[in-house]
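Observations on the three-dimensional arrangement
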Amino acid sequence: MKNLTFLKIIFVLVFVGWIMVWILLPTKVYKNTWNPKLENKLNSTYFREQGTNLLLFTFPVVFMGALGCVYLHLRLQKPENLSSKSGGTANRRLSFLRRPFVVMSPIGILTSMELVFALMFAALLIWSLSNYLHISFGHLHMHMEGEKVWQAKLRSVSLRAGYIGNICWAFLFFPVTRASSILPLFGLTSESSIKYHIWLGHVSMVLFAVHTIGFFMYWGITDQMKEALEWSKTYVSNVAGIIASVIALAMWVPSFPKFRRKMFEVFFYSHHLYTLYILFYGIHVGVEYMCMIAPGIFLFLVDRHLRFLQSRQNAPLLSARILPCAALELNFAKTPSLYYNPTSIVYINVPKISKLQWHPFTVISSCNMEKDILSVAIKTEGSWTNKLYQQLSSSALDHLNVSVEGPYGPSTSHFLRHDELVLVSGGSGITPFISIIRELIFQNQQESHVPRVLLVCSFKNSVDLTMLDLMLSVSGSKTQISNLQLQIEAYVTREKEEPQDSEKLIQTKWFKPALSDTPISVVLGPNNWLCLASIISSSFLMFLLLLGIITRFYIYPIENNSGEVYHWTFKVLWFLFLLFAVVCICSSAVFLWWKKQNTFESKQVMNVEVPTPTRSPGSWIYGSERELESLPHQSLVQATNVHFGVRPDLKKILFDCKGKDIGVLVCGPRNMRHEVARICSSGLADNLHFESISFAW
């Protein structure tokens, strides 16, 4: 415990120091005092002009990434006690920071802590811009004879807008690093923080638009439009900046919600232009400014390459349950050592449908209960899922190639420490709660203290009630749900009475995994933080070594002998090439070594034949008097109340909960999430602790 506290203190100090550098960057103190002294000491023949920024901006983040891995590894070694009240007490003390403060569209749900950080970041941008302009306006440089003051100020404002956009880019890649070692230290996952990536993207695009348009106006007013076509050898390349702006626009427009939902594939494919954008953006700003945004890109590249290596393998699909409500449960073989927490997700690729598209789905199995199986729930709602449903429904299909990436999710199960859980879902939003209930079933079997659970679920049609079947795992004989304090209130909103049809069948499809299929296994990151730390640290050290060698023994002699500055573009290309190369080399080496270590375990995982009922337990909703198939189904029946033709009165349900510590989790349509958030933030019930789960970004 002391080691964890010590590491967290170091992390906080380094993080605060890194932020302080950003705060001081636009000031005269940094420009006139700090920077000259640092340049004298750090701008050696090995790193030249990038030495200062490597130390102040790149190193702290890489250090935090490696340190975060060590911290998370040590925390995993400490068994998590779900019945512990110490963690719950600390959580209650800070609960006001996690309470929803702003609930509105299009912003969504903002907690007090998120609002504070958003305001602090906005203050940083305003502070930086005002300082840059104050210094710039005090010492205006006229770039041509006859240039007017207001023209020089226009140029200065346009340039400084680009500086501020660069600050946004320094943070842009952190939220999309799925196996991040930094986000968990702030209690975040990449899924929950994707909105920060969206906000930063929009803000940076507005700033870069001001930067680009401002310069075009300046060039047009001063008759310097030829500058737009300049590709300088010694300074900023304007052509590269314009190309980067065009690429950014092609990525930005499809990212707006209405466009993205209607034409997701256009958004998906256009967003992969980020590689070209980084290239031309780097050529435009140069190596000094690349050092400022490089750490986020570096950690993202490590994560992305590891994801690529994992996704090259096909996962053995053992079986699929096809529910009457057009929902699927896919069951994959996994190695017993693979660990994940409830509400985790995996990304799935089916080459037969699309070789490039990866779609996220909720893991509904418990890694503690189902040691050799990972189960995923899929509701058919789009073209890709409909094609998958048709493929699996085909009677002739006996094998399907599927690649799986992940799982990714929270680093702890903190919400299981509450005295009571209220789970509110709409439609397919019930899937993350299935993983929670399965985990609680396991913990209950271990005679651990588990919270009472109230599940409030809304469905459009009665056939959708068969989604509740997924609470019972494919290994149904091991599922003892009867001892769990579980109450289910199910609402069917579009039907006013019970349907007469009582025959709702589950189709169970069995598949023959290929010999080349590999069970879903431990991937570097959430299941092996120390290996990820070794990749981060070794990659960065190799990068510094190679960069120093190239600069000292190749670039420096050219500049020294010819007396000319080495080509601006080539410096950036060397920087980006080395960054990418060391990540590929170190990540691949550690990944292959780790894969070799796990070969034996993978071979031990046999194809599991899992008995699955052919009749849907959901048939009990029709009130038919028939002998139920098993005790778990009977327990599910007894725990469930079905209401037809009405919507849940969420305010009454939540206010009727009288426990001292109630965790309220909601997953479903935006209106439902917002309604629950407003109730929990109303101040009328201090015992309600809200948490939203949303994958609809």
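Okay, so let's go over this structure. Everything numeric in this text was worked out from a predicted model, so none of it was measured.

When its secondary structure is counted, the chain shows 21 helices and 15 strands. Of all 697 residues assigned to the chain, the portion counted as buried reaches 55%. Pairs at least 24 apart in sequence give 79% of the contacts found in the chain among residues at least 6 apart.

Here the focus is the sheet that holds strand E13 (residues 640-644). Taken together, the six strands give an open sheet; going across it, the order is E13-E11-E10-E9-E14-E15, and neighbouring strands pair in parallel fashion. Either end of the sheet is taken by a strand with one partner, and the two such strands are E13 and strand E15 (688-692). Taking the axes of each pair of neighbouring strands and ignoring which way they run, one obtains an average angle of 15 degrees across the sheet. Note: strand E9 (residues 420-426) against strand E10 (residues 452-459), seven bridges, orientation parallel. Along E10, the bridge assignment pairs valine 424 with valine 456. Sheet contacts for helix H15 (residues 431-445): E9, E10, strand E11 (486-492) and strand E14 (662-667); angle to E9, the most-contacted strand, approximately 150 degrees.

Moving on: the sheet that holds strand E3 (residues 317-322). Taken together, the seven strands give an open sheet; going across it, the order is E8-E5-E6-E7-E4-E3-E12, and neighbouring strands pair in antiparallel fashion. Since the sheet does not close on itself, it has two edges, and those belong to strand E8 (403-408) and strand E12 (507-510), each with one partner. The mean inter-strand angle of the sheet, taken between neighbouring strand axes irrespective of direction, is 30 degrees.

Attention now moves to the pairing of strand E5 (residues 345-349). E5 sits mainly inside the fold: five of its five residues count as buried. The alternating pattern of E5 places Ile345, Tyr347 and Asn349 on one face and Val346 and Ile348 on the opposite face, and all of these are buried. As paired strands, E5 and E8 are joined by four bridges and run antiparallel to one another. Each bridged residue has a counterpart across the sheet, and for isoleucine 348 the counterpart in E8 is valine 404.

Nonpolar side chains in soluble globular proteins tend to be buried together. Among the nonpolar cores identified, the biggest contains 89 residues, and Trp22, Phe57, Trp169, Tyr277, Phe298, Phe543 and Phe575 are the most heavily contacted of them. For this core, the element with the most residues is helix H13 (residues 287-311), which contributes 13 residues. Inspection of this core shows a minimum of three residues originating in each of domain 1 (1-77 + 286-311 + 533-598) and domain 2 (98-141 + 148-207). Residues Ala327, Ile434, Phe459 and Leu636 belong to the second largest nonpolar core, which totals 41 residues.

Criteria and thresholds
- Residues numbered from 1 in each chain as written.
- Predicted model: local features only at pLDDT ≥ 70, side-chain atom pairs only at ≥ 80, totals over all residues.
- Heavy atoms only, no water.
- Helix = DSSP H or I, 4+ residues; strand = E, 2+ residues; numbered from the N terminus.
- Buried < 20%, exposed > 50% of the residue type's maximum accessible area, 1.4 Å probe, protein only.
- Contact = heavy atoms within 4.5 Å.
- Pairing = 2+ DSSP bridges.
- Axes fitted to C-alpha atoms, helices over the stretch in contact; angles between N-to-C directions.
- Core = buried A, V, L, I, M, F, W, Y, C linked by side-chain atoms within 4.5 Å.
- Domains from an automatic or database assignment.

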